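# Examination of the molecular architecture
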Amino acid sequence: MNKVIKDYAKFDDELQEEIYVAYSDGELERATFPFKGKIEDGVLFVWEDTTYLIPKSTISSRRAGGSDDDDDDDDDRDDDDIIGDDDIDDAENDDMDEE
């Protein structure tokens, strides 16, 4: 199974709604992981054969009326950040150490 970090805004409208409902109902597993140079809090969303790591900040800002992709930092690439299991395990272990 692939694990991909993906911004909420990059999902289609139908999946955004499904993610938001599950997020609002507290049905998504929470995790921390590296995103854009820092450790982010986020949720895990499983769709087909991929686990998506979605930063909570991208869900909150998008649903609060944030505009479509105002930043230019990754407009020149359309691939998602694919990370290995070791990257996720390290981030989860760091989070557990703080508890």
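Let me begin by describing the structure that accompanies this report.

Definitions and limits used
- Residues numbered from 1 in each chain as written.
- Predicted model: local features only at pLDDT ≥ 70, side-chain atom pairs only at ≥ 80, totals over all residues.
- Heavy atoms only, no water.
- Helix = DSSP H or I, 4+ residues; strand = E, 2+ residues; numbered from the N terminus.
- Buried < 20%, exposed > 50% of the residue type's maximum accessible area, 1.4 Å probe, protein only.
- Contact = heavy atoms within 4.5 Å.
- Areas by Shrake-Rupley, 256 points an atom, 1.4 Å probe, with all protein chains shown as cover.
- Expected span 1.5 Å × (residues − 1).
- Arc of directions from axis to C-beta.
- Polar contact = N/O pair within 3.5 Å; in protein donor to acceptor, adjacent residues only side chain to side chain.

A few words now on the overall build of the chain. Each helix and strand in the chain was counted, giving 3 helices and 5 strands. When the helices and strands of the chain are listed from N to C terminus, the series reads β-α-β-β-β-α-β-α. Residue burial in the chain is summarised as follows: out of 99 residues, 33% are buried. Long-range contacts, defined as pairs at least 24 residues apart, comprise 56% of the intrachain contacts of the chain with a sequence gap of at least 6. Accessible surface, the chain: about 6400 Å² in total, of which carbon and sulfur atoms supply 41%.

Here the focus is unusual backbone geometry. Of note in the backbone geometry, lysine 36 takes a positive phi value of approximately 50° without being a glycine. Secondary-structure assignment places lysine 36 in the loop between β2 (29–35) and β3 (38–47). Judged by relative accessible area, which is 43%, lysine 36 ranks as partly exposed. Phi angles above zero are rare outside glycine, and glutamate 48 is one such case at about 55°. The topology assignment puts glutamate 48 in the loop between β3 and β4 (50–55).

Right, let's talk about the environment of alanine 31 for a bit. Residue placement: alanine 31 occurs in strand β2. As a C-alpha pair, alanine 31 and aspartate 41 span 10 residues in sequence and 6.0 Å in three-dimensional space.

Here we take up helix α1 (residues 13–24). With 12 residues, α1 ought to run about 16 Å at 1.5 Å a step, and its terminal C-alpha atoms sit 16 Å apart, in line with that. Within α1, burial applies to Leu15, Gln16, Ile19, Ala22 and Tyr23. Down the axis of α1, the buried side of the element spans an arc of 135°, and every buried residue falls inside it. Residues of α1 that are exposed and angled more than 90 degrees away from the buried face: Asp13 and Glu14. Where α1 begins, one side-chain oxygen reaches toward the backbone nitrogen of glutamate 14, 3.2 Å away; that side chain belongs to aspartate 12. Glycine 26 lies just past α1 and shows a positive phi near 75°.

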